[in-house]
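If you want the building blocks of each chain, they are given just below.
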2 protein chains.
Amino acid sequence: MIVLKLGGSVITDKASPETVDETTLDRLARAVGDADEPLVVVHGGGSFGHHHADRHGVSSTDGTRSADAIREIHAAMGQLNDAVVGALARADVPSVPIRPLSAATRDEGLDLSVAPIRGLLDEGFVPVLHGDVVGHAGRGATIVSGDALVAALAPAVDADRVGLCTGVPGVYDTEDRVIETITDPDSVDSLGASDATDVTGGMAAKVETLAALDRPASIFGVDDLSAFLSGERPGTTVE
Amino acid sequence: MIVLKLGGSVITDKASPETVDETTLDRLARAVGDADEPLVVVHGGGSFGHHHADRHGVSSTDGTRSADAIREIHAAMGQLNDAVVGALARADVPSVPIRPLSAATRDEGLDLSVAPIRGLLDEGFVPVLHGDVVGHAGRGATIVSGDALVAALAPAVDADRVGLCTGVPGVYDTEDRVIETITDPDSVDSLGASDATDVTGGMAAKVETLAALDRPASIFGVDDLSAFLSGERPGTTVE
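- The name an unreviewed UniProt entry gives chain A is Isopentenyl phosphate kinase, with Halococcoides cellulosivorans as the organism.
- Turning to chain A, the UniProt record has this under Catalytic activity (unreviewed entry): "isopentenyl phosphate + ATP = isopentenyl diphosphate + ADP".
- One UniProt comment on chain A, placed under Sequence similarities (unreviewed entry), says "Belongs to the isopentenyl phosphate kinase family."

## Looking at the pattern of salt bridges
Logical step 1: All told, the structure shown has 24 salt bridges over all chains when counted by the stated rule.
Logical step 2: Ionic pairing is found between A:Arg90 and A:Asp26, a salt bridge with its closest N-O pair at 3.0 Å. Linking A:Arg90 in helix α4 (residues 67-90) with A:Asp26 in helix α2 (residues 22-33), this pair joins segments that are 64 residues apart in sequence.
Logical step 3: Under the relative-accessibility criterion, A:Arg90 is labelled exposed at 56%.
Logical step 4: The salt bridge partner of B:Glu37 is B:Arg161, with a shortest N-O separation of 3.8 Å. With B:Glu37 in the loop between α2 (22-33) and β2 (39-43) and B:Arg161 in strand β9 (residues 161-166), the pair connects residues that are 124 residues apart, well separated along the chain.
Logical step 5: The partly exposed category is assigned to B:Glu37, whose relative accessible area is 31%.
Logical step 6: For B:Arg161, a relative accessible area of 14% puts it in the buried group.
Logical step 7: Residues joined in a network through salt bridges with shared partners are A:Lys5, A:Asp147 and A:Lys206.

## Structural notes on the relation of the copies chain A and chain B
Turning one copy of the chain about an axis and sliding it along that axis gives the other copy, so a rotation and a shift relate them.
Logical step 1: Screw-axis analysis of chain A against chain B gives a translation of 0.0 Å along the axis, an RMSD of 0.0 Å, and a rotation angle of 180 degrees. The two molecules are tied by a two-fold rotation axis, judged by turn and shift. Judged by C-alpha distance, A:Ala103 is the residue of chain A that lies nearest the rotation axis, at 2.6 Å.
Logical step 2: In this assembly, 100% of the residues forming the interface of chain A have copies in chain B that are likewise at the interface, indicating an isologous arrangement.

## Comments concerning unusual backbone geometry
Residues and elements named next belong to chain A.
Logical step 1: Its identity as a non-glycine residue notwithstanding, Glu-18 has a phi of 50 degrees, on the positive side.
Logical step 2: Relative to the helices and strands, Glu-18 is located in the loop between α1 (8-11) and α2.
Logical step 3: One non-glycine residue, Asp-158, lies in positive phi territory at about 50 degrees.
Logical step 4: Tracing the sequence through the fold places Asp-158 in the loop between α7 (146-156) and β9 (161-166).

## Some remarks on the pairing of strand β11 (residues 217-221) of chain B
All names here are of chain B.
Logical step 1: Taken across its five residues, β11 has five buried, putting it largely inside the fold.
Logical step 2: The side-chain alternation of β11 yields two buried faces, one formed by Ala-217, Ile-219 and Gly-221 and the other by Ser-218 and Phe-220.
Logical step 3: One ladder, built from five bridges, connects β9 with β11; its direction is parallel. Opposite Gly-163, over in β11, you have Ser-218 as the bridge partner.
Logical step 4: Relative to strand β12 (residues 236-238), β11 is paired through three bridges, and the arrangement is antiparallel. Residue Ala-217 lies in a different strand from β12, and its bridge partner there is Val-238.

## A short note on the packing of aromatic side chains
Logical step 1: All told, the structure shown has two aromatic pairs over all chains when counted by the stated rule.
Logical step 2: Geometrically, the ring pair formed by A:Phe220 and A:Phe228 is stacked, given 4.9 Å between the ring centres and 25 degrees between the ring planes.
Logical step 3: Under the relative-accessibility criterion, A:Phe220 is labelled buried at 0%.
Logical step 4: On the basis of relative accessible area, A:Phe228 is assigned to the buried category, the value being 0%.
Logical step 5: Lying over the aromatic face of B:Phe228, B:Arg161 brings its terminal NZ or CZ to 4.4 Å of the ring centre.

Here is what the cut-offs are and how they apply
Residues numbered from 1 in each chain as written. Chains lettered and ligands numbered in written order. Predicted model: local features only at pLDDT ≥ 70, side-chain atom pairs only at ≥ 80, totals over all residues. Heavy atoms only, no water. UniProt positions renumbered as here; feature names shortened; annotations may be inferred. Salt bridge = Lys/Arg side-chain N within 4 Å of Asp/Glu carboxyl O. Helix = DSSP H or I, 4+ residues; strand = E, 2+ residues; numbered from the N terminus. Buried < 20%, exposed > 50% of the residue type's maximum accessible area, 1.4 Å probe, protein only. Least-squares fit on C-alpha atoms with pLDDT ≥ 70 in both. Contact = heavy atoms within 4.5 Å. Pairing = 2+ DSSP bridges. Phe/Tyr/Trp six-rings, centres within 6.5 Å; stacked < 30°, edge-to-face > 60°. Lys NZ or Arg CZ within 6 Å of the ring centre and 35° of its normal.

Written out as structure tokens, the structure reads:
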């Protein structure tokens, strides 16, 4: 079982709002279509989600009490989810959409309802989740990132491996070489200053999240998805 | 707390495929906008869902293993859900969509994940669910009717009252008069022969479902939604 995250910046054109990078998405979908293992796909928001979240001042901690804001962010992410589910379907992946607004809520932590996801997996389908807005006790609704969903899903579906397909080929060291293995994120100098520029965290946050998962997780670029899905460990492995 | 079902045949034009009855829907939405109590809304499929379900041979017991079929039925129901959520929003209801494919699964019975719904209710939003297709252990995926969702939701959100807004003003007796109260469905002669003509059951099935809920449930027509929401018991009450 694999949990695969497709980064929002990889599948969208971040320079123009709500534009899918169809060429890259189709290429990634074909790689997924060739995979033999069961998997769950999660994708980020890229130029779809962040724009709306920013405009409404919503983040993973700052909530909104506006149903209009929830519907708008959720609908934008739904458009991107349609594109991802559709690209996977064209690559013969039995993809079905899973919308976190319907499947998760936050109180102290994120509570993801995994029974529907497991039910679909058991029947041979490939659930496709996305960064979204979810109900948050005492704060209205907040953003749940694709990375947070990966962290909740990996133990819930007992993933053997986790993969993050990102815009870079792995985690760079201070001399811009890809680090092969990270066992202790605190020892990685290049992660000292987070490059977080969006509402849902940058590379340092990703590595922290993956290090807590207690199963091997790889961070790699678009060119390495097929290698990862065939069992290799491209890019950076966090374990 | 109220669980309100808007019948699919009420909010769509059953004569033409995938056509919303905008006039009726807007009227019902305004009535919901005037309600004081917190509520969850569920709607049926009408001319959106049944058509696709029939074409793919999917019912609440006959499953499909085709992801194409799931996506198609789910997308059609999503279009109708968008229309209902949108009409409610225009009537100042803080409506948010909840998609059962993401929130429910079937094994022996229906397992609806209620934490996300409760989370949104607690924050003052109005979740809007719809009849849908859901994963079903051993059968791929099957149809979950709006009525089945009402039956699962009512205890889960501890509803004080349940209302089914239908195309008829209540349950008729054998002389076509509306029955005021039903305590024992088996004693109602007019329900002997079910008028079920769609994949999700007719009036006899509705009454059976409501009788099992252990809380007052009303079946009424479009003209009586405001009365029901203001605390009256129009149409037929099943208790």
